[in-house]
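# Structural characterization, general
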Amino acid sequence: MNTNLECVQPVSGEEFEYSYKAEITNVYPLTRMEKLYQIQLVDPMERERFIFRPGQFVMLELPGIGEAPFSITSSPVRHGDLELCIRAVGNMTKFLDRVGRGTRVGISGPFGTHFPVEKMEGEDILLIAGGLGIAPLRSPILAVLETRSRYGQVDIIYGARRPSELLFDYEYAMWRQFDVGLDIIVDQAEPGWQGPVGLITEILKERIAKGQTDRFREGTSAIVCGPPVMFRFVCDLLIAAQVPVEKIFVSLERRMHCGRGKCCRCNIGSTYTCLDGPVFDYWSVLNLKEAI
Amino acid sequence: MIEEWNKVHVVYVPAMEKQAAASPDWAPGWCRLDSSSIALTFPLPIGPTPASVKTFFFPQPETLLTYTLENNHPDKGLMREPERSRDMQVVLGVRPCDARSVLLNNLPYQEDQFFQANRQRTALVGFSCDQTLSTCFCTRMGGSPLDSEGLDLALSRTEDGFLIEVCSEKGEALVADLELAPAPESDISALAARRNAGGNPSATELDSLKGSELGTLYDAPLWQSLGEACINCGACTFICPTCYCFDIQDEVVRGQGRRIRYWDSCMFPLYSLHTSGHNPRGQKVQRTRNRFLHKLKYFPDRFGPFSCVGCGRCVQDCPVNIDIREVMDDLIHLTAVE
């Protein structure tokens, strides 16, 4: 009888796709809710070959709990020695909050598009972060600082809810050493806070009022990441200050499950945040519906 | 013929009644032919089968990985490739619209090893439609009730039996050892003539949607009324042969874990809800619009063809009578006015 069909080679002949084996090597509490996890790929060869660009994300896998996307916070020169800044807010992140160093995890990726910092060489850069938006922005910040001489003026504007919720506050002094303009603003002051209080747009307005418009027009790239409500206000101000639309880059957030454009849930129109994002230039954002 | 296949392969036919979810190789809406049964016949409904064939390509659920979480186990937390059935399965009674849906779903799943493995082990034996239902609109979507696209064997009724068309290597293997009479020339030419006579005049009409501006479609006034009518039950997405989105969860039972992938629906508010509480498609109207525009605009933008085969299941089963054909008409009208 007909046994020809058994000759059809099953797909298992090809390599089965696993995530990289990795280990949490250190956990640093940053604030009440957020922690910085240092995660290292176990295999040194894989670690070396793991190349990512600032703004990309990885899928972090916890056996028995699940898999979720996190943007990489560390500098790209560190390859597979990753740092992820994670807020304990959902099912998986609350579990992560309880685990310590030595926990085995899986890493797959890197996925998505990146901030084109190499194309910004010779230009001024304005980085604007709101709240947890500093997590994906720390990677381009560090990448720019490592090759600081190639860029013009570098400014960082960072807004948080309260002074106690400021992330990476131990690094600010180091950033400033690299001739970086760092402005920090909080929504609510706490005892001991001497900086400005208000919304991030106020600092930006001040900057624009200081007469930087000419500089903006001549060659400034802006990188923006923050809560969804922040994008429109900040980007409108930037456009009014004549920063070209195609030089404003935003990192958008969507719920994702597969990271490969199959599960469909991160779509913004015909683009998928996992494949065509998370970094979009503002020109595309304006032409997409429901993006922000 | 079916008898011979049943000896070596797992054969599924459309189920007429609701069966219990019992065996592991259970496929909802389809029943497995029992090798002991004498009567190897099955009823084939007019129009599409109640359940689409996507259940064979995206099983509910598909196990992606397995692992153990037992303490002291040397492999604790290590991911393993799941055991998967490699048995050939033959699906009988597939309609041309469903066969096309497999090809459409293949576009986003080109590199998905689970989907491709399921495609390799599944042979589709299709029957062309002599009669169509009032809800069928495959000709509008560029298909045809006599099409053999995507099938391995295509059967069409002739005066005194069936004309079998072999459409793939798998199909060839299925009929290789059977003693079948060669088809008379007259039947072959008759089928070709029927196919030519069909034509699809309105396919070009729909093509205007592909070139139209997203903004025009997105801001169309009809979404508001559609969104208000829709109750977000998700029925359309589960019965749709070309809906392919999924959710992934880890499931642990007594220390043995597996990661599974199962169907999800973009009609549910939780589908796009962020952990932070923000939801980019929090409103019903946004979700309804997303589903239709994904089929008619986003998918063609990315892959070319429309993500709809015109089986009409959603038209039949929608509890509030939303009809995708009316949506298309309205959108075409809208783009024509522009």
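The structure reproduced in this document is the subject of the present report. Only a predicted model underlies this, so the values are computations on that prediction, with no experimental measurement involved.

Helix and strand content of chain B: 13 helices and nine strands. Taken over 338 residues, chain B has a buried fraction of 53%. Pairs at least 24 apart in sequence give 72% of the contacts found in chain B among residues at least 6 apart. Looking at chain B as shown, the accessible area adds up to about 15600 Å², and 51% of this sits on carbon and sulfur atoms.

In this assembly, 59 residues from chain B lie in contact with 45 residues from chain A. For the pair chain B and chain A, the two sides together bury roughly 4500 Å², of which 57% comes from carbon and sulfur. At the boundary of chain B with chain A, the tally comes to six salt bridges. The interface formed by chain B and chain A includes 20 residue pairs in polar contact (both at pLDDT 80 or more). When residues of the side of chain B that touches chain A are traced back to their parent elements, those giving at least two are helix H1 (2–8), strand S3 (62–68), helix H4 (113–120), helix H5 (169–176), helix H8 (214–218), strand S8 (246–253) and helix H11 (284–303) of chain B. Here the side of chain B that touches chain A takes seven residues from H11(B), the largest share from any one element. Per-class residue counts for the side of chain B that touches chain A are 28 nonpolar, 14 polar and 17 charged.

Once that is clear, we can look at the packing of aromatic side chains. This model, assessed by the stated rule, comprises 17 aromatic pairs over all chains. Both rings, one in Tyr172(A) and one in Trp175(A), keep their centres 5.6 Å apart while their planes meet at 55°; by these two values the pair is tilted. Placement of both Tyr172(A) and Trp175(A) in helix H4 (residues 172–177) is noted, with a separation of three residues, approximately one turn of the helix. Here Tyr172(A) matches Trp175(A) in class, with each residue buried. Ring geometry for Phe127(B) against Phe162(B): centres 5.6 Å apart, planes inclined by 80°, an arrangement best described as edge-to-face.

Further remarks concern the pairing of strand S10 (residues 220–225) of chain A. Residue and element names in this part refer to chain A. Within S10, six of the six residues are buried, leaving the element largely enclosed by the surrounding structure. Looking at chain direction, strand S7 (residues 124–130) and S10 are connected through six bridges and run parallel. In the sheet register, Leu 126 faces S10, and the bridge partner there is Ala 222. Looking at chain direction, S10 and strand S11 (residues 248–251) are connected through three bridges and run parallel. Residue pairing in the sheet places Ile 223 in a bridge with Phe 249 of S11.

Here the focus is the pattern of salt bridges. Residues and elements named next belong to chain A. Per the stated rule, a full pass over the model turns up 31 salt bridges over all chains. Measuring nitrogen to oxygen at the nearest pair gives 3.2 Å for the salt bridge that ties Asp 155 to Arg 207. Of this pair, Asp 155 sits in strand S8 (residues 154–160) while Arg 207 sits in helix H5 (residues 200–219); the two residues are 52 residues apart in sequence, bridging distant segments of the chain. This pair shows no difference in class: Asp 155 is buried, exactly as Arg 207 is.

Now for the side chain of Gln38(A). Within the secondary structure layout, Gln38(A) lies in strand S2 (residues 34–41). Excluding anything up to four places from it in sequence, Gln38(A) contacts Glu23(A), Ile24(A), Thr25(A), Asn26(A), Tyr28(A), Arg78(A), Leu82(A) and Glu83(A).

Counting 71 residues, the largest nonpolar core has Val53(B), Leu124(B), Leu209(B), Trp223(B), Ile324(B) and Leu331(B) as the members making the most contacts within it. Sort the elements by how many residues they give to this core and H11(B) lands first, with six residues. For this core, the two domains that each supply at least three residues are domain 1 (2–199) and domain 2 (207–337) of chain B. With residues near it in sequence (within four places) discarded, Leu331(B) still touches Leu209(B), Leu217(B), Ala220(B), Leu222(B), Trp223(B) and Leu296(B). Core analysis: the next-biggest nonpolar cluster, separate from the first, contains 33 residues, Ile125(A), Ala135(A), Val144(A) and Phe249(A) among them.

Each α-helix turn comprises 3.6 residues. Residues three or four places apart therefore point the same way. All names here are of chain B. Compared with an ideal rise of 1.5 Å per residue, which puts 14 residues at 20 Å, helix H13 (residues 324–337) spans 20 Å between its outermost C-alpha atoms and is within 8% of the ideal. Within the span of H13, buried status applies to Ile 324, Arg 325, Val 327, Met 328, Leu 331, Ile 332 and Thr 335. When H13 is viewed along its axis, its buried side chains cluster within an angular range of 155° and face the same direction. Those residues of H13 that are exposed and angled more than 90 degrees off the buried face are His 333, Ala 336 and Val 337.

All names here are of chain B. Spatial strand order, S3-S9-S8: three strands in an open sheet with antiparallel pairing. Each having just a single partner strand, S3 and S8 make up the two edges of the open sheet. Looking at each pair of strands side by side, their axes are set apart by 20° on average, direction ignored. In the sheet, S3 pairs with strand S9 (residues 256–263) via six bridges, with the strands oriented antiparallel. Residue pairing for S9: Tyr 67 is matched across the bridge by Gly 257. Contacts from H4 reach S3 and S9, with the element oriented near 120° to S3.

Scoring rules and cut-offs
- Residues numbered from 1 in each chain as written.
- Chains lettered and ligands numbered in written order.
- Predicted model: local features only at pLDDT ≥ 70, side-chain atom pairs only at ≥ 80, totals over all residues.
- Heavy atoms only, no water.
- Helix = DSSP H or I, 4+ residues; strand = E, 2+ residues; numbered from the N terminus.
- Buried < 20%, exposed > 50% of the residue type's maximum accessible area, 1.4 Å probe, protein only.
- Contact = heavy atoms within 4.5 Å.
- Areas by Shrake-Rupley, 256 points an atom, 1.4 Å probe, with all protein chains shown as cover.
- Buried area = accessible area lost by both parts, 1.4 Å probe.
- Salt bridge = Lys/Arg side-chain N within 4 Å of Asp/Glu carboxyl O.
- Polar contact = N/O pair within 3.5 Å; in protein donor to acceptor, adjacent residues only side chain to side chain.
- Nonpolar A, V, L, I, M, F, W, Y, C, P; charged D, E, K, R; others polar.
- Phe/Tyr/Trp six-rings, centres within 6.5 Å; stacked < 30°, edge-to-face > 60°.
- Pairing = 2+ DSSP bridges.
- Core = buried A, V, L, I, M, F, W, Y, C linked by side-chain atoms within 4.5 Å.
- Domains from an automatic or database assignment.
- Expected span 1.5 Å × (residues − 1).
- Arc of directions from axis to C-beta.
- Axes fitted to C-alpha atoms, helices over the stretch in contact; angles between N-to-C directions.

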